[in-house]
Each structure stands twice: as C-alpha cells, then as structure tokens.
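A look at the structure
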Amino acid sequence: MQQITIAALLTYCFMDLNMRIWFICFVVLFALAQLFDWIQQFSLPLPIYILGGAFLAVASNYEKLFGSPIGELANQTFTQQQLDATSQPEVSTSFNNYQSLEEIEELEIEE
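Residues numbered from 1 in each chain as written. Predicted model: local features only at pLDDT ≥ 70, side-chain atom pairs only at ≥ 80, totals over all residues. Heavy atoms only, no water.

**A look at the overall build of the chain**
Looking only at helices and strands, the chain has six helices and zero strands in total. Starting at the N terminus and walking to the C terminus, you meet the elements of the chain as α-α-α-α-α-α. Expressed as a percentage of its 111 residues, the buried residues of the chain come to 3%. Total accessible area on the chain is roughly 10900 Å²; 66% of this is exposed by carbon and sulfur atoms. (Helix = DSSP H or I, 4+ residues; strand = E, 2+ residues; numbered from the N terminus. Buried < 20%, exposed > 50% of the residue type's maximum accessible area, 1.4 Å probe, protein only. Areas by Shrake-Rupley, 256 points an atom, 1.4 Å probe, with all protein chains shown as cover.)

Below you can see the structure in the form of structure tokens.
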C-alpha cells in the first residue's frame, strides 16, 4: 500500500499542468461524493433539532428581544448627522421662489 502511495506521488510530480488539474478535480469530486454519502446517512435525534430551531429563533429575533448595541450606535450616529445638518446654513436656490413644479412649467410654456 505504501509503494502505491509513493508511486502516485512520483507520478503526480512528473505530470504536466493539465493532468494535475484533472487529477486534483477528480480527487476533490470524489471526496465531495463520499462526504455527500456520509451526510445522507447521518441523522440527529429529535431534541437536537428542537434545540437548533429554538437557537435560530432567538438568534433571528435577538435585536427585538434584547436590543442591539450596533443599532444604538447607529441611532447615535444618525442623531449626530441630523444635528450637523441643522447647524449648516441653508443654500438658497432659484427654485425656492416657486411653490410647485406646475408654476415652473407654466412659466416655461409662457416664454
């Protein structure tokens, strides 16, 4: 068995690049097929599924149940941005004189 392994390694070292890619793909696909067969035979008892479902429910609703420090930080940042925006002077534009788009369109039509 050990001689076959050494022979396989020596063969691998002397293969060209295309053969190495095919060989690696074959080994990876074979390993995935074996893993898939093993997972199909794998089963857990019902209490594990119940505990897993409860954990997922708590994890997905964690922010609603316990609050989120990230959410609080985001609220503080948003409040700070609002304060910064209110302290900025307003820039007047020529459109502030008109009440609506209809008035602007009427003036364009008249001209």
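Resuming the write-up.
**Details of helix 3 (residues 46–60)**
With 15 residues, helix 3 ought to run about 21 Å at 1.5 Å a step, and its terminal C-alpha atoms sit 21 Å apart, in line with that. By the criterion of burial, helix 3 is predominantly exposed, with just zero of the 15 residues buried. (Expected span 1.5 Å × (residues − 1).)

**Remarks on the packing of aromatic side chains**
The tally for this structure, following the rule as stated, stands at two aromatic pairs. A centroid spacing of 6.4 Å and a plane angle of 20° characterise the contact between F26 and F30, whose relative ring orientation is stacked. Taken as a pair, F26 and F30 lie in helix 2 (residues 17–41) at a separation of four residues, close to a single helical turn. Under the relative-accessibility criterion, F26 is labelled exposed at 56%. (Phe/Tyr/Trp six-rings, centres within 6.5 Å; stacked < 30°, edge-to-face > 60°.)

**Brief notes about the confidence of the model for the chain**
In the predicted model, the chain carries a mean pLDDT of 75, and 57% of its residues have values of at least 70. Taken element by element, the predicted model of the chain shows its lowest mean pLDDT in helix 5 (residues 69–87) (62) and its highest in helix 3 (93). (pLDDT = per-residue confidence, 0-100.)

**Some points on a negative patch on the surface**
A cluster of acidic residues, E102, E103, E105, E106 and E108, forms a negative patch at the surface. Positionally, E102 belongs in helix 6 (residues 101–110). (Patch = residues over 30% accessible without salt bridge, like charges linked within 9 Å, V, L, I, M, F, W, Y side chains within 5 Å. Salt bridge = Lys/Arg side-chain N within 4 Å of Asp/Glu carboxyl O. Lys, Arg positive; Asp, Glu negative; His and termini not counted. Charge placed at Lys NZ, Arg CZ, Asp CG, Glu CD.)

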